[in-house]
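As a plain string of letters, each chain reads:
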Amino acid sequence: MAASIVLPGEQVPAKHVNLKLGPGLLQLSSETQQQAKSAPVIATRSGVLNHSANKSKWWVEGNSRRYVPAPQESVIGVITGRSGEGWRVDIGSAHPASLDGLAFEGATKRNKPSLKVGSLIYARVSLAHKDMEPELECFDAQTHKADGFGELKDGFVLQCSLQMSRLLLDPKHFLLPLLGSRFPLEAAVGMNGKVWVSTKEIKHTIAIVRCIEAVDPDGGGMDETNVKKFLSKLDI
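Below you will find a few notes about this structure. Keep in mind it's a predicted model, so treat the numbers as computed, not measured.

### Some remarks on the nonpolar core
Okay, step 1: Among the nonpolar cores identified, the biggest contains 27 residues, and Leu-99, Ile-121 and Leu-136 are the most heavily contacted of them.
Okay, step 2: For this core, the elements supplying multiple residues, two or more each, are strand 8 (74-83), strand 9 (86-90), strand 10 (97-104), strand 11 (120-129) and strand 12 (132-138).
Okay, step 3: With five residues, strand 11 is the single largest residue contributor to this core.
Okay, step 4: Leu-158, Leu-175, Leu-178 and Val-227 belong to the second largest nonpolar core, which has 22 residues in total.

### A word on the pairing of strand 9
Okay, step 1: Examined bridge by bridge, strand 8 and strand 9 share five bridges and lie antiparallel to one another. Counterpart to Ser-83 in the pairing with strand 9 is Gly-86.
Okay, step 2: Where strand 8 folds back onto strand 9 in an antiparallel hairpin, the turn is made up of two residues, including Gly-84, whose phi is positive at roughly 65 degrees.
Okay, step 3: Where strand 9 lies against strand 10, four bridges are found, and the strand directions are antiparallel. What sits directly across from Trp-87, in strand 10, is Leu-99.
Okay, step 4: If you look at the hairpin formed by strand 9 and strand 10, you'll find six residues sitting between the two strands, and Gly-92 has a positive phi there, around 85 degrees.

### What to know about the pairing of strand 16 (residues 194-198)
Two faces, one strand: in a regular strand the side chains alternate between the faces of the sheet.
Okay, step 1: Buried residues dominate strand 16, accounting for five of its five residues.
Okay, step 2: Taking every second residue as pointing to the same face, both faces of strand 16 are buried, with Lys-194, Trp-196 and Ser-198 on one and Val-195 and Val-197 on the other.
Okay, step 3: Relative to strand 16, strand 14 (residues 156-159) is paired through four bridges, and the arrangement is antiparallel. Counterpart to Phe-156 in the pairing with strand 16 is Val-197.
Okay, step 4: Bridge analysis of strand 15 (residues 186-190) against strand 16 gives five bridges, and the strand direction is antiparallel. Its bridge partner lying in strand 16, Glu-186 is registered against Ser-198.
Okay, step 5: If you look at the hairpin formed by strand 15 and strand 16, you'll find three residues sitting between the two strands, and Gly-193 has a positive phi there, around 80 degrees.

### A short note on the sheet that holds strand 15
Okay, step 1: Here we have three strands laid out as an open sheet, ordered 14-16-15, and antiparallel in their pairing. Edge positions in the sheet fall to strand 14 and strand 15, since each has one partner strand and no second. Across this sheet, the average inter-strand angle for adjacent strands is 20 degrees, counted without regard to direction.

### Focus: unusual backbone geometry
Okay, step 1: In this model, Gln-72 sits at a positive phi of 75 degrees, which is unusual for a non-glycine residue.
Okay, step 2: As for its position among the elements, Gln-72 is in the loop between strand 7 (57-61) and strand 8.
Okay, step 3: Phi is positive for His-144, which is not a glycine, with a value near 60 degrees.
Okay, step 4: Note on placement: His-144 falls in the loop between strand 12 and strand 13 (150-152).

### Looking at the packing of helix 4 (residues 202-215) against helix 5 (residues 224-232)
The description of two helices packed together rests on the angle between their axes and the distance between the axes.
Okay, step 1: Where helix 4 meets helix 5, the axes come as close as 11 Å, and the angle between the chain directions of the two elements is 150 degrees. Taken together, the axes of helix 4 and helix 5 lie roughly antiparallel to each other. Both helix 4 and helix 5 take part in a crossing whose hand is right-handed. Along the contact surface, helix 4 presents Arg-210, Cys-211 and Val-215, while helix 5 presents Val-227, Phe-230 and Leu-231.
Okay, step 2: In terms of residue class, the contact of helix 4 with helix 5 is built from five nonpolar, no polar and one charged.

### Re the state of the cysteines
Okay, step 1: Summed over all chains, the structure comprises zero disulfides.
Okay, step 2: The thiol of Cys-138 is unpaired, and the distance to the nearest cysteine sulfur, on Cys-160, comes to 20 Å.
Okay, step 3: With relative accessibility at 1%, the residue Cys-138 sits in the buried group.
Okay, step 4: Summary of cysteine pairing: Cys-160 is not part of a disulfide, and the nearest cysteine sulfur, belonging to Cys-211, is at 13 Å.

Thresholds applied
- Residues numbered from 1 in each chain as written.
- Predicted model: local features only at pLDDT ≥ 70, side-chain atom pairs only at ≥ 80, totals over all residues.
- Heavy atoms only, no water.
- Core = buried A, V, L, I, M, F, W, Y, C linked by side-chain atoms within 4.5 Å.
- Buried < 20%, exposed > 50% of the residue type's maximum accessible area, 1.4 Å probe, protein only.
- Helix = DSSP H or I, 4+ residues; strand = E, 2+ residues; numbered from the N terminus.
- Pairing = 2+ DSSP bridges.
- Axes fitted to C-alpha atoms, helices over the stretch in contact; angles between N-to-C directions.
- Parallel < 35°, antiparallel > 145°, perpendicular 65-115°, else oblique.
- Left-handed = near helix turned anticlockwise from the far one by under 90°.
- Contact = heavy atoms within 4.5 Å.
- Nonpolar A, V, L, I, M, F, W, Y, C, P; charged D, E, K, R; others polar.
- Disulfide = S-S within 2.5 Å.

In structure tokens, the structure reads:
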């Protein structure tokens, strides 16, 4: 993955037939649909410009502490109250998100999930606009199946940097596979800097938390070799 420093207002070479823009980027509006496909993309904040291997996804990695919602990103949130036929959810952004009661696999007006204040959910951002509250859905956009989205029961939630959450979501990152080879675990990672983990033993949960804190670039920035040494000293 290539990376370069960008400043607010700077144009970036983000072009793809299925272009998806993440935090820190904005595609300028055009008069026609044809022009919109080639409309320039600019940075809205300073940071490191990143893109996926096939250059379909682009985003700016900054040192922001507050999560800025972007469409299709997975997040972990806490139900804070009812809102009409749905719920309001705290995802750590400037404004609370809304989650409709029908935004679940198989949900109907008579068959909705029973969520309470304090319930934890794993959801996908379906709408994100600077002038509107973000909206969430608990199913995959393509299949309309849950695919892991929904209420997260039991387990433990920890906070990490936004950069660390992106690292954990990278299939090539070493940490979660390494921990999974040591003991059984379930994990859900939100792009908003929250990680949910569930293990059979408390000591395994503690080991995961300590390893994530150690590897986090905002913390120790520990590499794979040192993590293995660290794990060898723990009673797991």
